[in-house]
Amino acid sequence: MNTSIGKRILLITILLSALLILIGIIAIAAGSSGIHFWETLAIMAGKNGTDNATATIIWQIRLPRVILAAFVGGSLALGGLVFQALLRNPLAEPYILGISGGSAIGAILAMLLSLSYFPGVTIFSFTGSLLVLAFVTALAGTTLGNTMLSRDSLLLGGVMMNAFCAAVIMFLISMTRSFQVQHILYWLMGDLATMQKGQLPILLLVLPCFMIIFMLARPMNLLLLGRETAAAMGINVKNIVMLLLIITSLMVSIIVSLSGLIGFVGLVIPHIFRLLLGPDHRLLVPACLLGGASYLILCDLLARLLPSSGELPVGIITALIGAPLFIVLLLRNRT
Amino acid sequence: MSFSVSAGEFFVIIGPNGAGKTSLLKVLSGLLKAQKGSVAIKDKNILHYRRRNLSKIMAIVPQHIEVGFPFTVAETVIMGRTPHLGLLGMEGKYDFSVSEDAMKFTGVAHLADRKLFQLSGGELQRAIIARAICQEPEIILLDEPTTALDPAHQLKIMDLMEKFRRENGTTIIMVSHDLNLASMYGDRLLLLKNGRVAKTGTPGAVLQKKTLEESYGCRMHVDESPLGQVVRVTPIPDKYFPNQDKKNT
């Protein structure tokens, strides 16, 4: 089965892409009046003679939202996968480690300063995530090679970082009298509805991140075996770890600045695919990307359809699913 | 400290706990920078090699092996091809044939689809040695490869290394606590004490009663092994000398 790693990558990519497209179309077709699958397909195929209002809703509202959900889900799942490989800890994830919180602080500061979305908010958000990352990796000792803290202490450090970031965010919000507060609060809870269509092109920035992470999939396998073993097999550990950390933070902060705090996607998705596919990152990177995208589209669909009126921020759904799984994993890892 | 190892030599580094054997091995492999002095491979300073090129020349069998992630034996062994792969890191036919030969050589081919954590100590060690062989190195460094193994498995590992060396002319540098294995397999030994070279030379020259007792701090008996032409070392517990104070060391 090893001879066909390229074929397995291809097969998984095709299967999960098909799933992603199917789920995407269902999500586009679903609305308060039920799911109109064939009608939606007809409109998307260009035969929009039937109903102009529906066509507008699909093109202007639902499609951008599904695309955003796909990018956010894929990036967050990939972010979780990378941090789990680098910290060699299956519970690591951008949200749990506080890195999402750090970029949220940056993003809010930029919003309060009325900076433009791009590059202003993105840069602030990236800076915030890097600061938290520096702190958390210093705790983990990843850039030094020796571990200062045990695995669980690292998580605790992340959780505290997260709590600290939450406090700073609340402080910033309570100091503001701005009309933006409502908007910021909704964004914070992880809401895909607050995004404007003009922000979609910003998402293209994460595509090169995907590519680089995929190219580093094999070195990530070796990093699982430990830094020295990886180095002994020809990996330039320092450079690769730094590159992965920076690329991943950039990706996460772009996503956070658009969609707010959506947690646990990076925990749930890599965990499922590790169970299904094993530990090879050459399979896990495309699988988490596409699977994470499908997963968040589904969660967002639930967020839209569950309440009898209005909708939930999707971050609430992902936390309701992810937090219990985190506890299960924590218990299982102890034994 | 200054010493050199010739190509194709079986070189064993011995010395008491904390003498710096593992650190020396890490310096030799370029994983640790020497505070003073330098290491040269083929007359070129080790720090001037790119990590990737160094790994084509030198493989390491570490003391501690991470088995926490469920990689199979085959997946683990072929990781040894890393320094030889292109940008995308996809293995080709040649890589798979090298890895299969390596698994056959160390006798783990039948375990190819087993996960690492399902292996016994001896099987795990042979899988890791197969990974090192898979790198097609000119030098293999081993850090106490036999410590956790029973005598039969110890000999199996050592015979494997000796056979590989004879067939391929590979240089073997091994750290060991087992003075008798060192004596039986080593062409030359290096005795390390407090980070310094206490002695280098043939097993017969290094494994001498006085030298060993001074370095290790316990009584030693050194004689010729019943195998002939090989020095045998027997550490002697104090209880065999009930009426004497512990010898000054």
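What you are looking at is a predicted structure, and each value in this text was computed from that prediction instead of being measured.

Asker: How do you make sense of the overall build of chain A when you look at a structure like this?
Answerer: Along chain A, the regular secondary structure elements total 14 helices and 2 strands. Projecting the C-alpha coordinates of chain A onto the three principal axes gives extents of approximately 65 × 55 × 35 Å. A burial count over chain A gives 48% of its 335 residues as buried. Long-range contacts, defined here as pairs at least 24 residues apart, represent 75% of the contacts in chain A between residues at least 6 apart.

Asker: Just to check I follow, could you spell out the pairing of strand 6 (residues 171–175) of chain B for this structure?
Answerer: Regular strands have side chains that alternate between both faces of the sheet. Residue and element names in this part refer to chain B. For strand 6, the tally of buried residues reaches 5 of 5 residues, placing the bulk of the element in the interior. Of the two faces of strand 6, both are covered, the one formed by Thr171, Ile173 and Val175 as well as the one formed by Ile172 and Met174. As paired strands, strand 1 (residues 10–14) and strand 6 are joined by 4 bridges and run parallel to one another. Considered in strand 6, the bridge of Phe10 is made with Ile172.

Asker: What is the right way to look at the sheet that holds strand 6 of chain B in this model?
Answerer: Within a sheet, adjacent strands bond to each other through the backbone by hydrogen bonds, running parallel or antiparallel. All names here are of chain B. Sheet architecture is open: 6 strands sit in the order 4-5-6-1-7-8, paired in mixed fashion. The open sheet has two edge strands with one neighbour each: strand 4 (58–61) and strand 8 (196–201). Each strand of the sheet is rotated relative to its neighbour by a mean of 15 degrees, with strand direction disregarded. Relative to strand 5 (residues 139–143), strand 4 is paired through 4 bridges, and the arrangement is parallel.

Asker: Just checking my understanding: could you explain the interface of chain A and chain B for this structure?
Answerer: By a widespread convention, an interface's size corresponds to the accessible area lost as its parts come together. The interface is formed by 22 residues belonging to chain A together with 24 residues belonging to chain B. Elements with a minimum of two residues in the side of chain A that touches chain B: helix 1 (5–29), helix 9 (217–224) and helix 10 (227–232) of chain A. Per-class residue counts for the side of chain A that touches chain B are 10 nonpolar, 9 polar and 3 charged.

Asker: Looking at this structure, I do not really get the packing of helix 2 (residues 37–44) of chain A against helix 3 (residues 52–86) of chain A. What am I missing?
Answerer: A packed helix pair is summarised by two numbers, namely the angle formed by the two axes and the spacing between the axes. Residue and element names in this part refer to chain A. Following both chains from N to C, one finds helix 2 and helix 3 inclined at 80 degrees, their axes separated by 10 Å at the closest point. Considering the angle they form, helix 2 stands roughly perpendicular to helix 3. Residues Thr40, Ile43 and Met44 of helix 2 form the contact with helix 3, whose own contacting residues are Thr54, Ala55 and Ile58. Partitioning the contact of helix 2 with helix 3 into residue classes produces 4 nonpolar, 2 polar and no charged.

Asker: So what exactly am I meant to see when it comes to the nonpolar core here?
Answerer: Nonpolar side chains in soluble globular proteins tend to be buried together. Counting residues in each nonpolar core, the largest one holds 165 residues, and the members touching the most others are A:Cys288, B:Ile13 and B:Leu141. Considering every element that reaches this core, the biggest residue donor is helix 3 of chain A, with 15 residues. Among residues more than four places away in sequence, those in contact with B:Ile13 are B:Lys21, B:Leu24, B:Leu25, B:Ile173, B:Met174, B:Val175, B:Leu190 and B:Leu192.

Asker: I tried to follow the environment of B:Lys104 on my own but got confused; where do I start?
Answerer: Checked against the element boundaries, B:Lys104 lands in helix 4 (residues 93–106). Each C-alpha atom of the pair B:Lys104 and B:Val175 lies 25 Å from the other, and the pair is 71 residues apart in sequence.

Asker: Is there a simple way to explain helix 6 (residues 151–168) of chain B in this structure?
Answerer: Spacing of three or four residues puts side chains on the same side of an α-helix, whose turn is 3.6 residues. Residues and elements named next belong to chain B. Between its first and last C-alpha atoms helix 6 spans 26 Å; for 18 residues at 1.5 Å apiece the expected length is 26 Å, and the two agree. Within helix 6 the residues assigned to the buried category are Gln154, Ile157, Met158 and Met161. Seen from one end, helix 6 has its buried residues packed into an arc of 90 degrees, which puts them on one side. Every exposed residue of helix 6 that faces more than 90 degrees away from the buried side is listed here: Ala152, Asp159, Lys163, Arg166 and Glu167. The elements touched by buried residues of helix 6 are helix 5 (121–134), strand 6 and helix 7 (179–185). Backbone geometry just after helix 6 places Gly169 at a positive phi near 65 degrees.

Rules and cut-offs
Each residue is numbered by its place in its chain's sequence as written, counting from 1. Numbering of ligands from 1 and lettering of chains from A proceed in the order in which they are written. In keeping with the model being predicted, local features are shown solely for residues with a pLDDT of at least 70 and side-chain atom pairs are shown and tallied solely at 80 or more, while totals for entire chains, interfaces and linings include all residues. Elements are defined by DSSP. Helices are runs of H or I of four residues or more, strands are runs of E of two residues or more, and each kind is numbered from the N terminus. Neighbour counting defines burial: a residue surrounded by 20 or more other C-beta atoms within 10 Å of its own C-beta is buried, one with 12 or fewer is exposed, and intermediate counts give partly exposed, using backbone-placed C-beta atoms. C-beta atoms are placed from the backbone for every residue, and two residues are taken to be in contact when these atoms lie within 7 Å. Two strands qualify as a pair provided DSSP detects at least 2 bridges between them. Geometry is summarised by axes, namely lines fitted to C-alpha atoms with helices restricted to the contacting stretch, and by angles between N-to-C directions that run from 0 to 180 degrees. Nonpolar residues are Ala, Val, Leu, Ile, Met, Phe, Trp, Tyr, Cys and Pro. Charged residues are Asp, Glu, Lys and Arg, and all others, Gly as well, are polar. Here roughly perpendicular refers to angles of 65 to 115 degrees, roughly parallel to angles under 35, roughly antiparallel to angles over 145, and oblique to all remaining angles. Residues of type Ala, Val, Leu, Ile, Met, Phe, Trp, Tyr and Cys that are buried and joined through C-beta atoms within 7 Å form what is called a nonpolar core. In this analysis, the expected span of each helix is defined as 1.5 Å times one less than the number of residues it contains. Working definition: the arc comes from the directions between the helix axis and the C-beta atoms, pointing outward to the latter.

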